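# Reading the structure
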Amino acid sequence: MRAPLSWIKDFVEIPTHITAEQISDGLIRVGFEVEEIIHQGADLTGPLKFAKVLSIQELPEHKKPIRYVGLDCGEGETRFVICGATNFAVGDLVVAALPGAILPGNFAISARETYGKTSNGMICSARELGISDEHSGIMVFSDADAQIGDDAINGLQINDVIFDVAVNPDRGYALSIRGIAREVAGSLGLTFTDPVEALRSLKFEETGKGVSAAIEDRSTASVFYLRTLSNFDSKATTPLWMKRRIEKMGMRSISLVVDVTNYVMLELGQPLHAFDKAKIKGGLTIKRAGKSSKFVTLDGQERILSPEDLMVCDDEQPLALAGTMGGLSSEITETTTEIALEAVNFCPVCIAKNSRRHKLSSEASRRLERNVDPSLPEFASARFVQLLTAHSSATHVATLVAGEPVYAPVVTIDPTYISKILGFEVSNSEVAQILRLIGCDVDEKSWTVDPPSWRADLLGIADFTEEVARMIGYDKIPSILPPRPKHATLTPTQKRRRAVATMLANRGFAEVQTFPFTNKSTIDAMGFVAERASTYAIANPMSEEFPLMRVHLVPGLIEVAARNISRGAKDFAIFEMGSIFRSSQKLVTAISPSLDKRPDQKVIDEIFASVPSQAYHVAGLLVGKIENENWQGKARSYTWQDAIEYAQEILALCNLDWSIKRSDFAPWHPGRCAELIVDGKAVAHAGELHPRVIAKYGLPERSVAFAVGLSALPDSELVRPTVVGTMPAALQDVALIVDENISAADLEAALRAGAGDLLESITLFDRYDKIGDGKISLAFTLVFRAQDRTLTGEEVSAMREAATNQAAKSCGAIVRTA
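Residues numbered from 1 in each chain as written. Predicted model: local features only at pLDDT ≥ 70, side-chain atom pairs only at ≥ 80, totals over all residues. Heavy atoms only, no water.

### Describing the overall build of the chain
Put simply, the test is: Starting at the N terminus, helices and strands are each numbered in turn, a helix being any DSSP run of H or I of at least four residues and a strand any DSSP run of E of at least two. Computation of the radius of gyration draws on C-alpha atoms alone. For the globule rule, the value is 2.2 Å times the number of residues to the power 0.38. Each residue gets one of three labels from its accessible area relative to the maximum for its type: buried under 20%, exposed over 50%, partly exposed in between, using a 1.4 Å probe on protein chains only. The contact criterion used throughout is that any non-hydrogen atoms of two residues lie within 4.5 Å. The accessible surface values rely on the Shrake-Rupley method and a 1.4 Å probe; as for residues, cover is taken only from the protein chains in view. Positive charge is attributed to Lys and Arg, negative charge to Asp and Glu, and no charge count is given to His or to the chain ends. Where a charge sits is defined by one atom per residue type, namely NZ (Lys), CZ (Arg), CG (Asp) or CD (Glu).
Check the secondary structure of the chain and you find 21 helices and 41 strands. Since a compact globule built from 818 residues should have a radius of gyration of about 28 Å, the 45 Å found for the chain marks it as more spread out than a globular shape. Projected onto its principal axes, the C-alpha positions of the chain cover 130 × 80 × 60 Å. Within the span of the chain, comprising 818 residues, buried residues form 46% of the whole. When contacts within the chain are restricted to residue pairs at least 6 apart in sequence, those whose partners lie at least 24 apart make up 71%. Carbon and sulfur atoms provide 50% of the accessible area of the chain, an area that totals close to 41,200 Å². When the 86 positive and 104 negative side-chain charges of the chain are each reduced to one mean point, those points stand 5 Å apart.

### Let's talk about the environment of Glu801
Looking at the secondary structure, you find Glu801 in helix H21 (residues 793-811). You can call Glu801 partly exposed: its relative accessible area is 48%. Along the sequence, Glu801 and Leu202 sit 599 residues apart, while their C-alpha atoms lie 111 Å from each other.

### Considerations on the domain arrangement of the chain
Where we set the bar: Note: domain ranges come from an automatic or database domain assignment. Accessible-area loss on putting two parts together, using a 1.4 Å probe and summing over both, is the definition of buried area adopted here. The working definition used for a salt bridge is a side-chain nitrogen of Lys or Arg within 4 Å of a carboxyl oxygen of Asp or Glu. Residues adjacent in sequence count toward polar contacts only when both atoms are side-chain atoms; beyond that, a polar contact is any pair of N or O atoms within 3.5 Å, and within protein one must be able to donate a hydrogen and the other to accept it.
On domain assignment, one finds that the chain holds domain 1 (1-39 + 159-193), domain 2 (46-157), domain 3 (211-401), domain 4 (409-474), domain 5 (490-579 + 614-710) and domain 6 (728-813). Using only C-alpha atoms to locate each centre, domain 1 and domain 4 end up separated by 22 Å. Of the roughly 910 Å² buried between domain 1 and domain 4, counting both surfaces, carbon and sulfur atoms make up 51%. Among the residues domain 1 hides against domain 4, the three largest losses belong to Arg171, Tyr173 and Arg182. Together they make up 44% of the total. In this structure, the connection of domain 1 to domain 4 is made through three salt bridges. Across the pair Arg171 and Glu467 runs a salt bridge whose closest N-O atoms are separated by 3.2 Å. Where domain 1 touches domain 4, the interface holds three residue pairs in polar contact (both at pLDDT 80 or more).

### What about the UniProt feature "domain: FDX-ACB" (unreviewed entry) in the chain?
Our working definition: UniProt positions are given in the numbering used here, feature names are shortened, and annotations may be inferred rather than shown by experiment.
The feature "domain: FDX-ACB" (unreviewed entry), as given by UniProt, occupies residues 725-816 in the numbering adopted here. From the first C-alpha to the last, residues 725-816 spans 31 Å; its make-up is 34% helix and 39% strand.

### Examining the layout of surface pockets
Selection criterion: Points on a 1 Å grid over protein atoms alone make up a cavity when a 1.4 Å probe fits among them but cannot get out, and a pocket when they form an open set with protein on both sides within 12 Å along at least five of seven lines; lining residues each have an atom within 4 Å of a point. Grid points are joined across faces, edges and corners, and a volume is the space filled by probe spheres set on the points.
There is about 1,400 Å³ of room inside the second largest pocket. Taken together, 37 residues line the second largest pocket, and the ones lying closest to its centre are Gln648, Ile660, Ala744, Ala745 and Leu764. Mapped by element, the contributors of at least two residues to the lining of the second largest pocket are helix H18 (640-653), strand E34 (659-663), strand E35 (668-678), helix H20 (744-755), strand E39 (759-772) and strand E40 (775-784). Among the elements that make up the lining of the second largest pocket, the one with the highest residue count is H18 (seven residues).

### Re the packing of aromatic side chains
Cut-off, in case you're wondering: Ring pairs are drawn from Phe, Tyr and Trp, using the six-membered ring of Trp, whenever the two centres fall within 6.5 Å, and their geometry is named by plane angle: stacked under 30 degrees, edge-to-face over 60, tilted for the rest.
Considering all chains together, one arrives at nine aromatic pairs under this definition. When the ring of Tyr68 is compared with that of Phe80, the centres are 5.2 Å apart and the planes differ by 15°; the resulting orientation is stacked. Of this pair, Tyr68 sits in strand E4 (residues 67-72) while Phe80 sits in strand E5 (residues 78-83), and the two are 12 residues apart along the sequence. Judged by relative accessible area, which is 14%, Tyr68 ranks as buried.

### Description of the sheet that holds strand E31 (residues 615-623)
For the record, the criterion: Here a strand pair is declared whenever DSSP counts at least two bridges between the two strands. Orientation is described by lines fitted to C-alpha atoms, with helices fitted over the stretch in contact, and by angles between N-to-C directions that extend from 0 to 180 degrees.
Read from one edge of the open sheet, seven strands run E27-E30-E31-E37-E36-E35-E34, paired in mixed fashion. Edge strands, defined here as strands with exactly one partner in the open sheet, are strand E27 (510-511) and E34. Two strands pair when backbone bridges link them, and strand E36 (residues 681-689) and strand E37 (residues 704-709) are joined in this way by five bridges, in the antiparallel orientation. Across the sheet, residue Glu688 finds its bridge partner in E37, namely Val704. Across the face of the sheet, helix H14 (residues 492-506) comes into contact with strand E30 (572-580), E31 and E37 while running at roughly 165° to E30.

### As for the sheet that holds E40
Taken in spatial order, the four strands of this open sheet run E39-E40-E38-E41, and their pairing is antiparallel. Two strands in the sheet have a free side with no partner beyond their single neighbour: E39 and strand E41 (814-815). Across 10 bridges, strand E38 (residues 730-739) lies against E40 in antiparallel orientation. When the bridges of E40 are listed, Ile737 appears paired with Ser777. Lying on the sheet, H20 is in contact with E38, E39 and E40; it crosses E40 at an angle near 40°.

As C-alpha cells, then:
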C-alpha cells in the first residue's frame, strides 16, 4: 500500500528533522516492509503554471493530429505551444511547462521551432510530470481547481514523499492512512491524532425516509449502516486536493461519489459502496445468492453466481457482490440524484470466498478479508456524508442500521509470561505502556486487557507478547544460543547403517527389500546346519509356502537375482539390510501387563528379555560382469576378490581393524570363502557361491556374495582422522618367497611388526605362483615417512631389512632376488 507523507502528517506531528528514511526504518522496526520510498517531484523544477486555453489552430498537413495552442499563463500576453493531444478545448485549464523547466528524465523545456511554428513551452500530461501513469491525454482542470498563472507544483502538491509499504495479512488495519500513521507514531514515539475521534460527534439531520437495511444471516455480517442522500448534482466535480491524494495512493479519479468512497476507504480503511437509490426496489438485504444465476459487475464482466455467494440484494435482485464489487445495474451515473451508501462489517471468510470464487480481488475485498474495525461502518459512512455534502449539493435524508458491532473479547494476561517468552526482562509498567500505545485499554490491577476495535487478532497472551516485542524492536532482543541442541538426532548405530547403505549405493549397488520369511527347503538348499538352520515358525504366516523366519539375508538376494535374470537382467549388484532370526532361546508366553497404569520395572525387563535377539546384517550379491568388453579391453566378471573387497570396505567405513582367514562357510564355495575377524570374532563372510546353489537358482557361474553382521561390530569412532605428512615418503618394494599355505595377511602382519613405527602403509601388488615346489612369491610396497625429517637411505634400508627379517622369522619368508 502507498502512503503519502503529506497525508500521514494530518494525523501525526512529525518534526522537520525526521527524514523519510527514519520513518521507513521505524516502520520496518515494528514489522512492516517498506518496499520503496518515492520522492515525487525531486526531479521536477519549474516554472510550471496553470494556463487557460485561448485558441486552438489545427495543423492538418501532418499525418498525426498537431495543434498550435494559445495559452494564457497569467503573463499578460498569449503564449503559443505545439501539442499533439486532442482531449482539451478552448476555455479549459491545463498545466504548462515554461522554458527553463526540467521535467522527469532530465527533459529540459525551451522555445523551439517545430512543425513550422515556434513552441514556447509544453502542455503536460500526468505521466510527463511523474505524478501518475495516466497518459490518455492532457490533464484538464476546472476553474474551481486553480487560478490562471498559479504555480502548478504547489497546486498539484507534487513535492511529496510516498512510502510503498507491504502489509501482512494479519494487519489489515494498516491498509489505511489511519493505520500507517498510528504505526509511524508508535515506532518513533510521536503524537497520533485518531481521525475517528473527530467523527464521533458528527450528527446529521433526518429529512425523510431512507432505504431500509437488513442482514439475513448474522454470521455473514455484524453491522450494516445504510445512509440515504438526495439532491445530488451529478455535475459536481472532485476537488483537486482529493484527486491528488487518491492518485498518490495508486488509484485514479472517476467521479465525485466514487472518489469520496475511495478517499474514505484509503483514509480510514473501511470500504464503502454507493448505489443509485432510484434503481433500488424496496430495501437492501445482505444474504446468500441462494441459486445459480448471471450477474454483471461494474467492470462489465458477466459472472455466474454460486448459491453460496454473499450478495447485497434489493427486494427483486442482487445489486452487488458483497464486499468485492458492485453491480452494473445500480451504479452511479450522470443522471443520479439520490444515493444509498452501504457500509458493512462483513465476515472476512465470506468475502475471501467471494473474491477467490470469482477470481476478483478488489481494493475493498483486500481489506475486508483481512478484518476491518467493526466500529468503522458508522464513522466511515459519516465521513462520506460529511465530504459529499461539503463538495456538492447533496443533503442527508436518513440513516438506518441493522445489527451491531462485534468486538474482540477482553483478555486476562500474566505480564511476567511476556518476559519469560521474550527471554529478557520487560517491566510490568513497560508492558502496560506498549499495550496502550497500540490502542489497548489495560487494567494494571487485574491485568485485564481490552484490545482495540481494529485489532481482532489480539486474542491471547502470545499475541500480546508479539506486540510487545514488535514495539520494543526485534533488534533489541538479545540473541542467545540454547545451551545444547534441542532437536532429535540419529544414534551412532543409525548413522553407521546409513553410511553403509550410502556407500554401497554409491558403488553401483541397488538396494532391495525382501520379506523376512523362508521355508525348510531353502534352508537345506543353502547348506545351513545346526544353529544356523534353527529358526522360529510363524503362528499365522502370510503364506503357507513361507512359514519360517529367515536365518540369513543371502537366500533372499539369490531369489531376487533369479527372478530378475528370468526377466532379462544379466549384470547387476544388489544389497539388502535387515534383521535375521535364529532360535537362540526358548520362547515364553507373551507377557501382557495391565494398561491402566505403567508396569513396574521388573515386568518391563521381563518383556524385553522374552524377545529373542535379532541380529542386523547387510548382504550383497554380485552377478555377471562388472565391465563389458569394449575398445579399451576385455570384459571382466565379478570374482570372489570383489566380494571380499566390499566386505572390507564396510569394515573400513566403520573404522575397524580386521584380519582374514579362509573359511568353508555355507552357502559359499569351500576354499573360495573368506572370513573377516574383528577382535577375535567372525563378523563377515565373502566369496564365491557354492556351485550347487548357483545351479539350483540358475545364476551365472562364479556369482559372488558377502554378508556382514552389523550388530556384531563393536562400537567405534565415526571419524578416524589421519595425519597428512609434510615430509617426503620413502618407497621400498620387497618380494618374498613363502610356502603356498602362508596367507598374504599373515605375511603382511609380519612385515608390519618388523618395519617399525615409521611404516605408513603396506600394499600387496603382485602374486606369482609358478615357482613350483609348493612355493609362491608375494610382492609388497612399503611406504616409510617421518613427520619431522627426511629419512636417510641408511634408515630406510635398515627398516626394510628389519621387516624382511621378521617375515623370515614368522613365516619362513626368503627375499626373492630374481
